[in-house]
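Listed below, chain by chain, are the residues.
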Amino acid sequence: MVNNRIALLITIFIGFLCFFLPARANNLNLANGAIAGNMVTFEIGWENAWNLTENSGNHDAVWIFVKGQTTTGSWTHIDVEQNSTLHYTSSPLTVETVTDGKGLFLLLQTQGYTNVETAQVSVKTTVNLEEFRQIKIFGIEMVHIPQGPFYLGDGASVSSLANASGNPILVESEQEIDLTKIIIHNPNSEFSPAELPQLLPSGFPKGKESFYVMKYEVSQLQYVDFLNTLTYTQQKSRTSLPPSSPKGTFAMVNPYQRDSLYRNGIVILEPGVESSKPARYAMDYNKNQQYNDNNDGLHRASNFMNWGDLSAYLDWAALRPITELEFEKLSRGKNATPIAGEFAWGTATVSNANNPTNDGTIFESVSDVPQFESGLANHGTFIATEGWGLRGVLRTGFAANENTNRIQAGATYYGVMEISGNVWEQTIMVAGGGENFEKIFGDGVLSENGDANVQTWCNPSTASGVLLKGGGWQSTISSVGSWRDLAISDRFYSHLKPASRRNSIGGRGGR
Ligand SMILES: [Ca+2]
Ligand SMILES: [Ca+2]
Ligand SMILES: [Ca+2]
């Protein structure tokens, strides 16, 4: 049986997602969907939304987008009206539309922290929804990163970017950057770092302008929801085991080490048939053949994702990858003076999260207590007797509860979670071809074989120009200036192209 988190109403499935905020428990809930003509109506419950923009702070938001299943069985992205007056939200929410109409943002109209108990939302799409077999509404929690200058590099980390004197660079505009004036500081001595090109073009997002970023890493449930709208051929490209594999097969793990899950619970619920019927996917980490159980790890970070997987997810969700400059901005904050070897929470010390509590549930956390000024993060350990720590991923937002501050929750300056640790993030590098990346969003539609197909995005197969940032659950922490994967300016792996699936790699995107 399927313990479905989805509220099914006539022809509409509504996704249900649970998340947590740096300061307090958070819970995003979409429910009670209905359609009429071009209009889709639903309820949103959203605890601890914040809007601190009148207090020099930032705000969070939910990215909403719509997919429809046609009478032939395939899924298509449904655009929404770009005129914000055509949509409706009850207090305290407001709508922010986007010029490509691929979705819209919901955010607080009121200032401060607010629990949105149940708000009504009506979204007007550009097509008659009654012609579809099913409609799905997706919500992804985002954080808005305000415009403003910031420092790039920390003057210490391996292969970090620096000015000619080895110091951090103040990024003050989106104009092109002469990279001949920038050096790779403290270069990796084991593997040659990717060489910088001459120029970083003006089209490359530099983080000075505002942007949205996903509050959390892509979760395993989000990846399942993604897979369940793809064709068989597309699913085949986006999973490790064939979609025709038997029910219960773990779909993302290494085919040659099928018992090594690293806490990934994505399974085949209903096998597909080559070139005619896609598989259906679900979560069954506890292997009890009860799918999407309360303790099946639905909200753990999605690992075993290569660049092809992450870029496809972002194209499908009408988002985009973020650049390594944006990664440092969203971590450090504007105008903040870099600290040598600092992590996402702004200090250079870390406490390891190793011992899960409420394992697999929406409350999954750890019993480990963060030491003074040390953020709690899921990373590895050098001590052989302790193995490699947890050997897998934790729930996104695991360290945050109603009593935690930025450091204890391991949050960035702007409240983005797990930027250091859990799964590695995949960002666009200023080298290796990544420098040609431009701020072009996915259109919700993948190529026939399931790849992202957005102009200027790094090649889904070669992953050239993609940089791993932030470290993962197996990353050991050494002294400042040496092995220190979780440090936000670290670029140790600039030589490595994440083209194959690894148990510690996932990621997130932005817009
Ligand atoms: Ca189960
Ligand atoms: Ca991470
Ligand atoms: Ca596309």
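Residues numbered from 1 in each chain as written. Chains lettered and ligands numbered in written order. Predicted model: local features only at pLDDT ≥ 70, side-chain atom pairs only at ≥ 80, totals over all residues. Heavy atoms only, no water.

### Focus: the side chain of S351
Next, step 1: Position of S351 relative to the elements: it lies in strand β21 (residues 350-352).
Next, step 2: Not counting chain neighbours up to four residues away, the residues in contact with S351 comprise V369, P370, Q371, S374, G375, L376, A377 and H379. (Helix = DSSP H or I, 4+ residues; strand = E, 2+ residues; numbered from the N terminus. Contact = heavy atoms within 4.5 Å.)

### Some words on the pattern of salt bridges
Next, step 1: All told, the structure shown has 22 salt bridges when counted by the stated rule.
Next, step 2: A salt bridge links R332 to E328, with the shortest nitrogen-to-oxygen separation between them at 2.9 Å. Note that R332 and E328 are positioned in helix α4 (residues 324-332) at a spacing of four residues, about one turn of the helix.
Next, step 3: A relative accessible area of 3% places R332 in the buried class.
Next, step 4: Here E328 falls in the buried class, since its relative accessible area comes to 0%.
Next, step 5: E328 is paired through a salt bridge with K469; the nearest N and O atoms lie 3.7 Å apart. Linking E328 in helix α4 with K469 in strand β26 (residues 466-469), this pair joins segments that are 141 residues apart in sequence.
Next, step 6: If you follow the salt bridges from partner to partner, you end up with R238, D309, D451 and R501 in one network. (Salt bridge = Lys/Arg side-chain N within 4 Å of Asp/Glu carboxyl O. Buried < 20%, exposed > 50% of the residue type's maximum accessible area, 1.4 Å probe, protein only.)

### Side note on the coordination of the calcium ion (ligand 2)
Next, step 1: Coordination of the calcium ion (ligand 2) by the protein is provided by E217 (OE), E418 (O), G421 (O), V423 (O) and E425 (OE), with metal-donor distances spanning 2.3 to 2.5 Å.
Next, step 2: Look at where the donors of the calcium ion (ligand 2) fall in the sequence and you get E-x200-E-x2-G-x1-V-x1-E. The residues G421 and E425 share a single accessibility class, namely buried. (Donors = N, O, S within 2.8 Å, 3.2 Å for Na, K, Ca; no water.)

### Here we look at the coordination of the calcium ion (ligand 3)
Next, step 1: Coordination sphere of the calcium ion (ligand 3), protein contribution only: D315 (OD), D315 (OD), D443 (OD), V445 (O) and N453 (OD1), at 2.2 to 2.6 Å.
Next, step 2: Counting gaps between the donor residues of the calcium ion (ligand 3) yields the pattern D-x127-D-x1-V-x7-N. Placement of the pair is D443 in the loop between β25 (425-428) and β26 and N453 in the loop between β25 and β26, with a sequence separation of 10 residues.

### Overview of the domain arrangement of the protein chain
Next, step 1: Per the domain assignment, the segments of the protein chain are domain 1 (7-144), domain 2 (146-219 + 299-511) and domain 3 (220-298).
Next, step 2: A separation of 26 Å is found between the C-alpha centroids of domain 2 and domain 3.
Next, step 3: Each partner contributes to the interface: domain 2 provides 37 residues, whereas domain 3 provides 30 residues.
Next, step 4: Both sides together, the interface formed by domain 2 and domain 3 hides about 2,400 Å², and carbon and sulfur atoms give 49% of it.
Next, step 5: On the domain 2 side of the contact with domain 3, R300, F304 and R501 bury the most area, a combined 24% of that side's loss. (Domains from an automatic or database assignment. Buried area = accessible area lost by both parts, 1.4 Å probe.)

### Here's the deal with the nonpolar core
Soluble, globular proteins show a tendency: their nonpolar side chains are buried together.
Next, step 1: Among the nonpolar cores identified, the biggest contains 76 residues, and W63, I140, F226, I266, Y313 and W316 are the most heavily contacted of them.
Next, step 2: Examining the composition of this core, we find that six residues originate from one element, helix α3 (residues 307-316), more than from any other.
Next, step 3: When near neighbours in sequence (up to four residues on either side) are disregarded, Y313 contacts I140, V218, Q222, Y223 and F226.
Next, step 4: Ranked by size, the runner-up nonpolar core spans 25 residues in total, among them L30, I44, L129 and F132. (Core = buried A, V, L, I, M, F, W, Y, C linked by side-chain atoms within 4.5 Å.)

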